[in-house]
Amino acid sequence: ISDDEIVYKENKTKLYTFKYWKDFPISIATTRPETKLGDTGIAVNPEDIRYKKYIGKEFEGNFAGTNLKIRIVSDSSVDPEFGTGAVGITPAHSMIDYEIGEKNNLPVIQVINEYARISIDNPEFKDKKTTEARDLIIEWIRKENLLENEEEITQNIATAERTGGVVEPLPKLQWFVNVNKPIPERDNKTLKDIMRYAVQSKQINILPEYFDKTYFHWIDNLRDWCISRQIWFGHRIPVWYKGDEVYCGIEAPKENGWEQDEDTLDTWFSSGLWTFSTLGWPEKTKDLELYHPTSVLETGYDILFFWVARMILMSGYLLGTVPFKTIYLHGIVRDEKGRKISKSLDNNADPVDLGKKYGSDAVRLGLIIGTGPGNDSKISENKLKGYKNFANKIWNIARFILSTNENVEYDEKFSEYTDEDKKLIKDQSNLLLEITKEMDEYKFYLVGEKIYHYVWHTFADIIIEDSKNIFAGIDNYAILSRKQLLFHSLGFILKILHPFMPFITEEIWSLSPLNKNKTLLLVEKWPI
C-alpha cells in the first residue's frame, strides 16, 4: 500500500508504561506491547540529562520469554517532555523507528507476519494474533511487577483507504525509484527538481492555484518512490534473477535458468506513462509531435500526487517536456449527506442508471453546475430531476420554433430585424462574449449556470411568450423579424449548450433546417 493510500483515523487505546525487566534502567511507554518482542534499541534526546550516561550502552535480558538486546541511542527528534522521554525502537514495525534504527545500525527483527500473527520462535506467542499476544504480554508485565502506569489516550491509526483495514508496517524487499539522484541527461536535476520546476516555472498551471502549495509541500516531503506491488494485475517488474545475478531489461534473458520477479509495477508508474506511451513513444511519431504536450488535463484533486505528479515526472525524465499545460482539478462528488461516494458506504450512484432515469445530459449538467474547480459537489436525484425538466424545456423550445417556422426558410444573412429584435441579438452577443471568456478561463460551472438561466428564464419565459403575442398580431414586418430571430436564437442556444448537453442538442440540430450541410453539431464552430 502506498503512503498516499493511507487514511489516519482517531482511535481510543491504552498507553502502557513499563520496564523490559526489573534491573533495566529506563522505562518506556507504548500502545503496542506486542511489537516490543522486536525491540533492538531505545532512543533518547541527546540533551536529556537523565539518560546521557546510558547512550551507547547495550543491555541484554528476558522480556516475556524472549531474549532482547537493547542499545541506547540518541536522536534529537525524541521529545524529552513526552512520556518518559525514552522511546522503544522497533525497526521492523514502525517507519520512524526504522529510520532511527538505520541511522544507528540497529538490527531489524520482524516479529509480525503478513497475517498479523506473531512470527518469532517463542512457543507462547508464535502464530497468535497480535491482539491476543498484546493481552498475554500485558499479563506477563503485570505478573512481573514491571507495569508503572496505564492510561487511555487517543491516537491516529493507519488504515487502508480502500478497505478500512488497519495497516501494519512490515520490512519487505521492494523496488524503488530514487527521487533525489541527479540525472546527467537532465542537467543533473533530480526527479523532485523536475516535478517542482514544471509548476514553479508556470510551464504547467494548476487550477485552482491554491493547489500549488499542496503540490510543493508533497514534493518537499517526498521519499523514494516504491514502485513494486504484490498484486496480480499490472505490468510485471522487468527484472530477472539467476542465483546472485540480477538482470533488468525490456526482454527476458535468452539463457535458461532466469526467473522473473513476481511483483508488478505500481499502477501509477504505468499510468504515469500515459500521455506519451499512447502516441507511439519511444518512436518519434507524428501523433507524439502533434499531441504532446496536451493542452488540458481534467482530473480529481485526490489523485494530484498519485497520477498528475507521476505524469509530470515521467514526461520530464523521458522526454524532457511537460505532459500538459493546464491541470483542471475537480472536487470529490459527494452524496446528499456530504459523504464521499464509495463502495464501502454503499452510496454509489451509477451514472449509467442515472442516465437511463434522467438522461445523460441532465447528469452531465448536474455534475457541472455548482461545482467550481477544486470544490467538492453534492449529487442528488432532486438536482437531476431539475435538469431533466430543463432538457424537456429545450425540446419544447425547439418544437415551438420549428413548428411556428414550418413554412419559413432560415436566412443566415437576414438583416431586417426590428429594433426590439436587434436588442435581443445584442443581448445574446453580450452573453456570448461573457461565457466565451469564462470558457477560456475554465469556469464551466459559471457558464453552465448562465446558459441555463438565459434559456429558461429569458428565452423561454420572456422571448417565446412575447413571440406568441407578435404572431397573434397583424404586423407582418415584426412577425418576419421574430421568426428569423427565433431561428437565429435556436442555432445560438444549441451551439453554446452543446459542450454541456451534447445529446439533446445534437438530436435537435439533426432535425432542424439550420443544419443545411447535414453536418454534426460537434464539428460546428463556436459562435462569434
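What you see is a predicted model, and the numbers here were worked out from it, not measured in a lab.

## Examining the overall build of the protein
- Counting its secondary structure elements, the protein contains 15 helices and 19 strands.
- Against the globule reference of 24 Å for 528 residues, the protein gives a C-alpha radius of gyration of 33 Å, more extended than a compact globule.
- Principal axes of the C-alpha set define a box for the protein whose edges measure 110 × 55 × 45 Å.
- Considering the protein as a whole, with its 528 residues, one finds that 45% of them fall into the buried category.
- Within the protein, contacts between residues at least 6 apart in sequence are counted, and of these 68% link residues at least 24 apart.
- As presented, the protein carries roughly 29,700 Å² of accessible surface, and 52% of it is formed by carbon and sulfur atoms.

## Quick word on the sheet that holds strand β12 (residues 239–242)
- As summarised here, the arrangement of the 3 strands in space is β13-β12-β14, forming an open sheet in which the pairing is antiparallel. Across the chains shown, the open sheet's two edge strands, defined by having one partner strand only, are β13 (245–248) and β14 (259–260).
- Strand direction decides the pairing type here: β12 and β14, joined by 2 bridges, are antiparallel. Residue pairing across strands places Tyr 241 opposite Glu 259, the latter belonging to β14.

## Some details on the pairing of strand β5 (residues 66–74)
- Pairing between strand β3 (residues 41–44) and β5: 4 bridges, direction parallel. Paired with Ile 42 across the strands is Ile 72, a residue of β5.
- Pairing of strand β4 (residues 58–63) with β5 involves 6 bridges; the strand directions are antiparallel. Its bridge partner lying in β5, Phe 63 is registered against Thr 66.
- Between the antiparallel neighbours β4 and β5 lie 2 residues, among them Ala 64 with a positive phi of about 50 degrees.

## Concerning the side chain of Ser 228
- Tracing the backbone shows Ser 228 in strand β11 (residues 228–229).
- Among the polar contacts made by the side chain of Ser 228, one reaches the side chain of Gln 174 at a distance of 2.6 Å.
- A polar atom in the side chain of Ser 228 sits 2.9 Å from the backbone nitrogen of Trp 175.
- Residue contacts for Ser 228: discarding those within four places in its chain leaves Gln 174, Trp 175, Ile 237, Asp 263 and Thr 264.

## Concerning the environment of Ile 26
- By secondary structure assignment, the location of Ile 26 is in the loop between β1 (6–18) and β2 (28–30).
- When its relative accessible area of 0% is taken as the criterion, Ile 26 is described as buried.
- Those residues in contact with Ile 26, other than ones at most four positions away along the chain, are Lys 19, Ile 42, Tyr 51, Tyr 54, Ile 72 and Ala 86.

Here is what the cut-offs are and how they apply
Residues numbered from 1 in each chain as written. Predicted model: local features only at pLDDT ≥ 70, side-chain atom pairs only at ≥ 80, totals over all residues. Heavy atoms only, no water. Helix = DSSP H or I, 4+ residues; strand = E, 2+ residues; numbered from the N terminus. Rg over C-alpha atoms; globule rule 2.2 N^0.38 Å. Buried < 20%, exposed > 50% of the residue type's maximum accessible area, 1.4 Å probe, protein only. Contact = heavy atoms within 4.5 Å. Areas by Shrake-Rupley, 256 points an atom, 1.4 Å probe, with all protein chains shown as cover. Pairing = 2+ DSSP bridges. Polar contact = N/O pair within 3.5 Å; in protein donor to acceptor, adjacent residues only side chain to side chain.

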